[in-house]
Structure formats: C-alpha cells, structure tokens
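Now for the letters of each chain:
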Amino acid sequence: RGLGDVYKRQELMVFYAKHRKGGDTVIDYSPLWITMEKRNISQYYLVNNGIDYRTMQQLRNNQNITASTIEKLCRILSCTPNDILTFSDDDIHDK
C-alpha cells in the first residue's frame, strides 16, 4: 500500500469520527498539562521516559494518540486517563 492509501484511511477515520451518532467531540489534553504542573514533570522528562517528540506535538495540538500512549502517560505520571484528557463538544472550539 502506498502513502495515498494511508491518507485515504485517515480521512475516512476522521469522517466517521465526526459523523458518528452522538455528535462531534474533540479530545482536550489540558488536564495533562495541569497534571504535569502539579507533579512538577516537564515535557523533557516525558520525552526521556518513552514519549516521542511527534506524540508531544500531537498532545500540544489536541490530536489523537493511541491507547498505548495514554497508558504510558498514566504510568509515567502515576495518574488515570481522566488526569490526561477530556472530551468536549466540537462547537465550543469552533467559535
């Protein structure tokens, strides 16, 4: 499969995620930054403990990450997924 196939699959995944029953939701990682601040953990620390630079960029841009990455963050920060992310309505972010 070529790169074009990968992009087509990603576009379909975004389409289905936006048009699924129940409305649009957006992942918000602001709890992660609060948790990191409370625990005095830097982005540098995360990178040195298994979170790569690309994933850090995805987190800063509220983009999707894998469940494995969420688990890794929870282990590094000794927290639960609720301390890392929330879901919010897309309408809030479009204004």
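Everything below is about the structure printed above this text.
None of the values given here were measured: they were computed from a predicted structure. (Residues numbered from 1 in each chain as written. Predicted model: local features only at pLDDT ≥ 70, side-chain atom pairs only at ≥ 80, totals over all residues. Heavy atoms only, no water.)

Enquirer: Sorry, what's going on with unusual backbone geometry here?
Expert: What is expected of a backbone is that most residues other than glycine have negative phi and most peptide bonds are trans. Despite not being glycine, Asn40 shows a phi value in the positive range, around 55 degrees. Considering the arrangement of structural elements, one finds Asn40 in the loop between helix H2 (30-38) and helix H3 (43-48). Look at Asn40 and you get exposed, because its relative accessible area is 73%. Its identity is not glycine, yet Asn62 carries a phi of approximately 50 degrees, on the positive side. Turning to its location among the elements, Asn62 is positioned in the loop between helix H4 (53-60) and helix H5 (67-77). (Helix = DSSP H or I, 4+ residues; strand = E, 2+ residues; numbered from the N terminus. Buried < 20%, exposed > 50% of the residue type's maximum accessible area, 1.4 Å probe, protein only.)

Enquirer: What exactly am I supposed to notice about the state of the cysteines here?
Expert: The final tally for this structure, using the stated rule, is zero disulfides. Cysteine Cys74 shares no disulfide, and the gap to the nearest cysteine sulfur, in Cys79, comes to 4.4 Å. On the basis of relative accessible area, Cys79 is assigned to the buried category, the value being 13%. (Disulfide = S-S within 2.5 Å.)

Enquirer: How do you make sense of the pattern of salt bridges when you look at a structure like this?
Expert: Oppositely charged side chains may form a pair once their charged atoms are brought near each other. Overall, the coordinates contain one salt bridge when judged by the stated rule. A salt bridge links Glu71 to Arg75; the nearest nitrogen and oxygen atoms lie 2.7 Å apart. One end of the pair, Glu71, and the other, Arg75, are both in helix H5, four residues apart, so they sit about a helical turn from each other. By relative accessible area, which is 41% here, Glu71 ends up partly exposed. (Salt bridge = Lys/Arg side-chain N within 4 Å of Asp/Glu carboxyl O.)

Enquirer: Is there a simple way to explain H2 in this structure?
Expert: Note: α-helices contain 3.6 residues per turn, so residues at a spacing of three or four share the same orientation. Of the positions making up H2, those classed as buried are Pro31, Leu32, Thr35 and Met36. The arc that holds the buried residues of H2, viewed along the axis, is 135 degrees, so those residues lie on one side. Facing away from the buried surface of H2 by more than 90 degrees, the exposed residues are Glu37 and Lys38. Just beyond H2, the residue with positive phi is Asn40, at close to 55 degrees. (Arc of directions from axis to C-beta.)

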